[in-house]
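Breakdown of the fold
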Amino acid sequence: MKSSEGGRKHAERSLARHNAQNEAAGLYIVATPIGNARDITLRALDVLNACDLIAAEDTRVTAKLLAIHGISKPLTPYNDHNAARERSRLISRLTEGARIALLSDAGTPLISDPGYKLVREALAQGVAVHAIPGPSAALTGLTLAGLPTDRFYFAGFLPAKQGDRRRALEAARSVNSTLIFFESPRRTAETLADMRDILGERNATVARELTKIHEDVRRGNLGILASEFAARSPPKGEITIVVAPPLAPEIDFAKADLLLQKAMIHMPLSAAAELIATALDLPKRATYERALSLKATNDAR
Ligand code: SAM
């Protein structure tokens, strides 16, 4: 009984501390759903309820989200068209101690969305910046792709013009990570074809309408996906493409075999493998196994 009372008090103190954190002055970067309206955090709702003003990419879109959650707050537009002008107005309110929440139409602001310059300017003026994390199509697509997640490279939107797009893909080809792209539905088929030509037959995932009623996730290699999307009319909705890292290059052991044979005459097998792996920049384990198999062949002769 005593310990459950203690636990309750601890939880209340912790909640009070967190609530105070949600009400401090400063700029709040608030992530919102990418489709499913229920994908909003409790903290995001707390901050929206507590803030003085919401700067929204599109005030109509944000007004709908606020209505779903019964929140009524002053809204002001902050988007690519008015950012240069609005930024200084928002910064002066922030330096006076206002609590301003920045929202994009969907997902995490700043991720292929406006906000970076506002954050940079707020920090330069000594304004506190708080992140309220939540959904982002990039990470949602990555987690569903079934592709390696230990390293990934978010490449945002590719250029719309084919020449520029192919050059951007050439630059991404050697990146040794899973690649994440945003793409418009109109260009999905041609982008997949360019990816197949430039990135090769890697596995990939096309994630459409994530978290929405018509969510559709297609997995396959780039050749198959490119043909599939070329054969149908352009998909509807929002698209994120995730592409596997480059395949490990085939190791050409011809030179290594020759040098291993010579080195093994003068030194023990493991030392020869180590020497040749280092000299030719080959993986040590594979070179050692290669030396073992060469020795077995030599011994059998
Ligand atoms: N800031 C947002 C985020 O963190 O998710 C991304 C904004 S960016 C302007 C919009 C692009 O994100 C869309 O064109 C699409 O490529 C991708 N996207 C957004 N919502 C998506 C969804 N529900 N399913 C798949 N892709 C989505």
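The structure contained in this document is the topic of the report that follows. Remember, predicted model here, so these are calculated numbers, not experimental data. (Residues numbered from 1 in each chain as written. Predicted model: local features only at pLDDT ≥ 70, side-chain atom pairs only at ≥ 80, totals over all residues. Heavy atoms only, no water.)

Another aspect to go through is the overall build of the protein chain. Scanning the protein chain from terminus to terminus reveals 12 helices and 10 strands. Relative to the globule expectation of 19 Å for 301 residues, the C-alpha radius of gyration of the protein chain, 27 Å, shows a markedly less compact shape. Projecting the C-alpha coordinates of the protein chain onto the three principal axes gives extents of approximately 85 × 60 × 45 Å. Expressed as a percentage of its 301 residues, the buried residues of the protein chain come to 40%. Surface summary for the protein chain: the accessible area is close to 16800 Å², and the carbon and sulfur share equals 54%. Charge separation in the protein chain, taken as the distance between the mean sites of 40 positive and 34 negative side-chain charges, equals 2 Å. (Helix = DSSP H or I, 4+ residues; strand = E, 2+ residues; numbered from the N terminus. Rg over C-alpha atoms; globule rule 2.2 N^0.38 Å. Buried < 20%, exposed > 50% of the residue type's maximum accessible area, 1.4 Å probe, protein only. Areas by Shrake-Rupley, 256 points an atom, 1.4 Å probe, with all protein chains shown as cover. Lys, Arg positive; Asp, Glu negative; His and termini not counted. Charge placed at Lys NZ, Arg CZ, Asp CG, Glu CD.)

Attention now goes to the nonpolar core. Of all hydrophobic cores here, the largest spans 18 residues; its most connected members are Phe 181, Leu 192, Met 195, Leu 199 and Val 243. Mapped onto this core, the elements with two or more residues apiece are helix 7 (162-173), strand 7 (178-183), helix 8 (188-199), strand 8 (203-208), helix 9 (222-230) and strand 10 (239-243). With residues near it in sequence (within four places) discarded, Met 195 still touches Leu 158, Leu 169, Phe 181, Gly 200, Leu 222, Ile 241 and Val 243. (Core = buried A, V, L, I, M, F, W, Y, C linked by side-chain atoms within 4.5 Å. Contact = heavy atoms within 4.5 Å.)

A word on the site of the ligand. Taken together, the neighbourhood of the ligand is formed by 19 residues, with Ile 111, Asp 113, Ser 136, Ala 137 and Ile 239 sitting nearest. Contacts to the ligand include Ser 136, whose side-chain N or O atom sits 2.8 Å from an oxygen atom. Separating an oxygen atom of the ligand from a backbone N or O atom of Ile 239 is a distance of 2.6 Å. Within the complex, 90% of the 570 Å² of free accessible area of the ligand lies under protein. Counting only elements with at least two residues in the shell around the ligand, the list comes to strand 7 and strand 10. (Near = heavy atom within 4 Å. Polar contact = N/O pair within 3.5 Å; in protein donor to acceptor, adjacent residues only side chain to side chain.)

On the basis of which strands lie adjacent, the open sheet formed by 5 strands has the order 3-2-4-1-5 and parallel pairing. Pairing within the sheet leaves two strands with one partner each, and these edge strands are strand 3 (75-77) and strand 5 (129-132). Between one strand axis and the next, the sheet turns through 25° on average, direction left out of account. Examined bridge by bridge, strand 1 (residues 26-30) and strand 4 (residues 99-103) share 4 bridges and lie parallel to one another. Counterpart to Tyr 28 in the pairing with strand 4 is Ala 101. (Pairing = 2+ DSSP bridges. Axes fitted to C-alpha atoms, helices over the stretch in contact; angles between N-to-C directions.)

No statement about biological role is implied by the geometric values presented.
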